[in-house]
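Single-letter residue listing:
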Amino acid sequence: MIRFPGSSVVLLALVASGCDTSQAPCRETCPDISGVYSIESTTPAGECGFSPYLLPPSVRLEQTRDGRGVLFHVIDPTTQIEVPLSGDVYAPESGEEGLLGSFRIDSRTTRLARSGSDQLVTLDVTVMGSVSQVEDRRVLTATVNTTDAASNQGCTATLSVMGESR
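Rules used throughout
All residue numbers refer to positions counted from 1 along the written sequence of the respective chain. pLDDT decides what is reported in this predicted model: residues at 70 or higher carry local features, side-chain atom pairs at 80 or more are listed and counted, and totals for whole chains, interfaces and linings draw on all residues regardless. Here the side-chain values reflect all heavy atoms present in the structure, with hydrogen atoms and water set aside. Secondary structure counts use DSSP, requiring at least four H or I residues in a row for a helix and at least two E residues in a row for a strand, with both numbered from the N terminus. Think of it in three bands: with a 1.4 Å probe and only protein chains considered, a residue is buried below 20% of the maximum accessible area for its type, exposed above 50%, and partly exposed in between. Under the convention used here, a 1.4 Å probe and the Shrake-Rupley method define accessible areas, while residue burial counts only the protein chains that appear. Strand pairing requires that DSSP identify at least two bridges connecting the strands. Each residue carries a pLDDT value, the predictor's own confidence for that position, ranging from 0 to 100. Should any heavy atoms of two residues lie within 4.5 Å, those residues are considered in contact. Note on terminology: disulfide denotes any pair of cysteine sulfur atoms within 2.5 Å. What is meant by a nonpolar core is a set of buried Ala, Val, Leu, Ile, Met, Phe, Trp, Tyr and Cys residues, joined one to another through side-chain atoms within 4.5 Å. We define a salt bridge as a side-chain nitrogen of Lys or Arg found within 4 Å of a carboxyl oxygen belonging to Asp or Glu.

## Topic: the overall build of the chain
Line of reasoning, step 1. Within the chain, the secondary structure is distributed over zero helices and eight strands.
Line of reasoning, step 2. Its helices and strands taken in sequence order, the chain reads β-β-β-β-β-β-β-β from the N to the C terminus.
Line of reasoning, step 3. The buried share of the chain, taken over its 166 residues, is 47%.
Line of reasoning, step 4. Total accessible area computed for the chain in this model is approximately 8400 Å², and 46% of it derives from carbon and sulfur atoms.

## Focus on the pairing of strand 7 (residues 137-148)
Line of reasoning, step 1. Most of strand 7 sits out of view: 10 of its 12 residues are buried.
Line of reasoning, step 2. Pairing analysis gives 12 bridges linking strand 6 (residues 120-134) to strand 7, with the strands arranged antiparallel. Each residue of the ladder has a partner; that of Val131, found in strand 7, is Leu140.
Line of reasoning, step 3. Here strand 6 hands over to strand 7 after two residues, with Glu135 in that stretch at a positive phi of 55 degrees.

## Some remarks on the confidence of the model for the chain
Detailed reading of the predicted coordinates is not advisable wherever pLDDT falls low.
Line of reasoning, step 1. With 73% of its residues at a pLDDT of at least 70, the chain reaches an overall mean of 78.
Line of reasoning, step 2. Every residue in residues 1-21 is under pLDDT 50, and counting partners more than four places away or in other chains gives 76 contacts.

## A word on the state of the cysteines
Line of reasoning, step 1. In the structure shown here, the tally under the stated rule is one disulfide.
Line of reasoning, step 2. Cys26 shares a disulfide with Cys30; S-S distance 2.0 Å. Between Cys26 and Cys30, the disulfide has an S-S torsion of 120 degrees and is therefore right-handed. Pair check on accessibility: Cys26 and Cys30 agree, each one buried.

## A closer look at the nonpolar core
Taken as a class, soluble globular proteins show a tendency for nonpolar side chains to be buried jointly.
Line of reasoning, step 1. By size, the foremost hydrophobic cluster in this structure holds 26 residues, and its most contacted members are Leu61, Phe72, Phe103, Ile105, Val125, Val127 and Leu140.
Line of reasoning, step 2. For this core, the elements supplying multiple residues, two or more each, are strand 2 (58-63), strand 3 (69-76), strand 4 (81-90), strand 5 (99-112), strand 6 and strand 7.
Line of reasoning, step 3. It is strand 6 that provides the largest number of residues to this core, a total of five residues.

## A short note on the pattern of salt bridges
Line of reasoning, step 1. Following the criterion strictly, the structure yields six salt bridges and no others.
Line of reasoning, step 2. The partner of Arg104 in a salt bridge is Asp106, with the nearest N and O atoms 2.9 Å apart.
Line of reasoning, step 3. The exposure class of Arg104 is buried, given its relative accessible area of 19%.
Line of reasoning, step 4. Here Asp106 falls in the partly exposed class, since its relative accessible area comes to 48%.
Line of reasoning, step 5. Three or more residues are tied together by salt bridges with common partners; here these are Arg60, Glu62 and Glu82.

Structure representation (structure tokens):
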């Protein structure tokens, strides 16, 4: 089991949380899923030869001006610097009650394996998430899968994030 320092947690698991990969990203009249979401619960799991990304106490989800793209902010554990991961916004399928929209991010990055290490690793990062309206608040549910691209060995954790969009 991975242990994460403080309230910062990594989300890493490939679970389809409202983002159907057979569906195409929205191109017109994209849903507004942006906001700041407070972390409610996390469940880390997996063994890694690298430090996975961390999360701030509140997660920022930003959309591009045209609404089709999304930025999901994480913290690089080796530098403690916040980095945005970018991806696409998806409109909900008809009949998905309460679901405002979803997003998917596929990113590849090369960075240090751990803080204080000189070993470089290339990581494939996939973030999938959805934003739902629950009573008077928006709820973000997201998962991230991080895999060492060279060895195909990944570590996983699941994160649920809840909060009102500010």
